[in-house]
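Architecture at a glance
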Amino acid sequence: MSLQCGIVGLPNVGKSTLFNCLSNAKAQSANFPFCTIEPNVGVITVPDERLIKLGELCHPERGIIPTTVEIVDIAGLVKGASKGEGLGNKFLANIRETDAIIHVLRCFDDENVVHVDGSINPVRDKEIIDAELQLKDLETVESRIQKCEKAAKAGGDKQAKLQLEVLVKYREALSQGKNARTVELDNKDQEAAARDLFLLTNKPVMYVCNVDEASAVTGNAYVEQVKEAVKNENAQVLVLAAKIESEIAELETYEERQMFLEEIGLHESGVNRLIKAAYALLNLRTFLTAGSDEVRAWTFKAGAKAPQCAGVIHTDFERGFIRAEVIKYDDFIALGGEAQCRAAGKLATEGKDYLVQDGDIMHFLFNV
């Protein structure tokens, strides 16, 4: 399931430093704009403590296989991108291909790291990128409105009329400097029509406040400004210190990393929190398989039913789906394994309409 989160932000806010922490890819990190020209793609392992506990119970021969998420580091944006300034057109094309946005904002003071606009103001920085994306979306919406109006008038096209209603809502919001994701649609038909538009400001977004070491645990005034600015946006805000994360990434062992985190008052690294949040931002969930051969995490879209999840493992499993045997993770751990869960009546047999839950331990029966 190749869904991607794109890391965006103004030049020199810490995007590439953060990306380097997230993956083994070596995105160039330098103190000047546009050091990232081509988007760097990293396939990132999603931390999941459940896998470790299952591994301790099952002792799998082939080991533990986690799930992954793709993160894309996209070149920094400047004012005028919607008109082609800087790397604007390339930036907009790259962000359009992603499924969700991780928007990095500089929330630290450091006279040794230049700011493209000369001063630190994360809310202004957010609004610069928002404005460029909104202008591009408004251009898209205006163009589609013209086509829909013609279709609706000429042939009485019901779908065109429906889409026109949605487009008018978006035009009103975008014209007021609001993101498309703030628009409330009336029904599922309108929601379906909206998805077909692929608007940049309608993508789910998480704002990452890149702070200094002193603010890594508690945040700071810049972070509070960001939270206030996005409170009506249906967006997440995550605080981390990219510089600290880069130091953690250089430590060789898990024990060393944990000691480092404890010393600065953190229970979990910002990178781990970011990966988990990005996974959730894409509306992804995990089901598990556990046995003596391997313990493995599998990715599915929230709301998927048992046959669809079977198809994640192999298309034949979905095509010939008969039923699924499901054990809840907590029961598996508490009772000590599959055999014990069977004996205790904690193994459920589910059919085609079963909505798979995050953390379900599953075994599929099929026939082709």
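Before reading on, note that the structure itself is shown above.
A brief look at the structure comes next. None of the values given here were measured: they were computed from a predicted structure. All chains use their own residue numbering, which begins from 1 and follows the written sequence. Only residues with pLDDT of 70 or above have their local features reported here, since the model is predicted, and side-chain atom pairs are shown and tallied only from 80 upward, although totals for entire chains, interfaces and linings are computed over all residues. Side-chain calculation: all heavy atoms of the structure are included, whereas hydrogens and water are not.

**Observations concerning a negative patch on the surface**
A cluster of acidic side chains, namely Asp109, Asp212, Glu213, Glu247 and Glu250, defines a negative patch on the protein surface. Numbering of helices and strands runs from the N terminus; a helix is a DSSP stretch of H or I covering at least four residues, while a strand is a stretch of E covering at least two. For glutamate 213, the position within the fold is in the loop between strand S6 (205–210) and helix H7 (221–229). Nonpolar side chains (Val, Leu, Ile, Met, Phe, Trp, Tyr) are joined into patches within 5 Å and like charges within 9 Å, using only residues with over 30% relative accessible area and no salt bridge. Residue-level accessible areas treat just the shown protein chains as cover; the underlying method is Shrake-Rupley with a 1.4 Å probe. Put simply, a salt bridge is a Lys or Arg side-chain nitrogen that is within 4 Å of an Asp or Glu carboxyl oxygen. Asp and Glu are treated as the negative residues and Lys and Arg as the positive ones, with His and the ends of the chain left uncounted. Positions of charges follow a simple convention, taking NZ of Lys, CZ of Arg, CG of Asp or CD of Glu.

**Observations regarding unusual backbone geometry**
In this structure, asparagine 12 takes a positive phi of about 65° despite not being glycine. Mapped onto the elements of the fold, asparagine 12 is located in the loop between strand S1 (4–8) and helix H1 (15–22). With a phi close to 55°, phenylalanine 198 is a non-glycine residue in the positive phi region.

**Considerations on the layout of surface pockets**
Using a 1 Å grid laid over the protein atoms alone, points where a 1.4 Å probe fits but cannot get out form a cavity; open sets with protein on both sides within 12 Å along at least 5 of 7 lines form a pocket; any residue with an atom within 4 Å of a point counts as lining. Grid points are joined across faces, edges and corners, and a volume is the space filled by probe spheres set on the points. Approximately 950 Å³ is the volume found for the largest pocket. Around the largest pocket, the lining comprises 32 residues; the ones closest to its centre are Pro47, Arg257, Ser269, Val271 and Asn272. Elements that contribute at least two residues to the lining of the largest pocket include exactly H1, strand S2 (40–45), helix H2 (49–58), helix H8 (242–250), helix H9 (254–264) and helix H10 (270–281). The biggest single contributor to the lining of the largest pocket is H8, with five residues. In terms of residue class, the lining of the largest pocket is built from 16 nonpolar, nine polar and seven charged. The calculated volume of the second largest pocket comes to roughly 810 Å³. Think of it as three bins: nonpolar holds Ala, Val, Leu, Ile, Met, Phe, Trp, Tyr, Cys and Pro, charged holds Asp, Glu, Lys and Arg, and polar takes everything else, Gly as well.

**What to know about the nonpolar core**
Core analysis: the biggest nonpolar cluster contains 58 residues, and Leu22, Ile71, Ile102, Met206 and Leu274 have the highest contact counts within it. A per-element tally of this core places H10 first, with seven residues. Any pair of residues with heavy atoms lying within 4.5 Å of one another is described as a contacting pair. When neighbours within four sequence positions are excluded, isoleucine 102 is seen to be in contact with Cys5, Gly6, Ile7, Val8, Ile71, Met206, Val208, Leu274 and Ala278. Here, nonpolar core refers to any group of buried Ala, Val, Leu, Ile, Met, Phe, Trp, Tyr and Cys residues whose side-chain atoms link them within 4.5 Å. Accessibility here uses a 1.4 Å probe with only protein chains present; expressed as a share of the type maximum, an area under 20% marks a residue as buried, one over 50% as exposed, and anything in between as partly exposed. In this structure, Cys148, Leu164, Leu167 and Ala194 belong to the second largest nonpolar core, which totals 17 residues.

**Comments concerning empty space enclosed by the protein**
The tally for this structure, following the rule as stated, stands at one cavity of 30 Å³ or more. In this structure, the largest cavity spans a volume of roughly 40 Å³. If you trace the largest cavity, you find it lined by Val8, Ile95, Ile101, His103, Ile129, Asp130, Leu133, Arg181, Val205 and Tyr207. Only strand S5 (100–106), helix H4 (122–155) and S6 provide two or more residues apiece to the lining of the largest cavity. In terms of residue count, the dominant contributor to the lining of the largest cavity is H4 (three residues). Residues belonging to the lining of the largest cavity are distributed by class as follows: seven nonpolar, one polar and two charged.

**Topic: the packing of aromatic side chains**
Stacked, tilted and edge-to-face pairs are distinguished by plane angle, under 30 degrees for stacked and over 60 for edge-to-face with tilted covering the rest, among Phe, Tyr and Trp rings (Trp via its six-membered ring) whose centres lie within 6.5 Å. As enumerated under the stated definition, the model contains five aromatic pairs in all. Here phenylalanine 287 and phenylalanine 300 contribute two aromatic rings whose centre-to-centre distance is 6.1 Å and whose plane-to-plane angle is 40°, an arrangement assigned as tilted. Of the two residues, phenylalanine 287 sits in strand S8 (residues 284–290) while phenylalanine 300 sits in strand S9 (residues 295–301), which places them 13 residues apart along the sequence. Each member of the pair, phenylalanine 287 as well as phenylalanine 300, is classed as buried.

**Some thoughts on the side chain of arginine 106**
Position of arginine 106 relative to the elements: it lies in strand S5. Buried and unpaired, arginine 106 has no salt bridge, with aspartate 110 as the nearest side chain of opposite charge at 5.7 Å. In terms of polar contacts, arginine 106 uses its side chain to reach the backbone carbonyl oxygen of phenylalanine 108, at 3.2 Å. Residues adjacent in sequence count toward polar contacts only when both atoms are side-chain atoms; beyond that, a polar contact is any pair of N or O atoms within 3.5 Å, and within protein one must be able to donate a hydrogen and the other to accept it.

**Focus: the packing of helix H5 (residues 158–175) against helix H6 (residues 188–195)**
Two measures define how a pair of helices packs: the angle their axes make with one another and the distance between the axes. In contact at an axis separation of 9 Å, H5 and H6 are set at 80° when each is read in the N-to-C sense. What the angle tells us is that H5 and H6 run roughly perpendicular. The segment H5 lies against H6, with Gln159, Leu162, Gln163, Glu165, Val166, Lys169 and Tyr170 engaging Asp189, Gln190, Ala193 and Ala194. Broken down by class, the residue content of the contact of H5 with H6 amounts to five nonpolar, three polar and three charged. Helix axes are fitted to C-alpha atoms over the stretch in contact, other axes to C-alpha atoms as well, and angles between N-to-C directions run from 0 to 180 degrees. For classification purposes, angles smaller than 35 degrees are called roughly parallel, those larger than 145 roughly antiparallel, those between 65 and 115 roughly perpendicular, and all remaining angles oblique.

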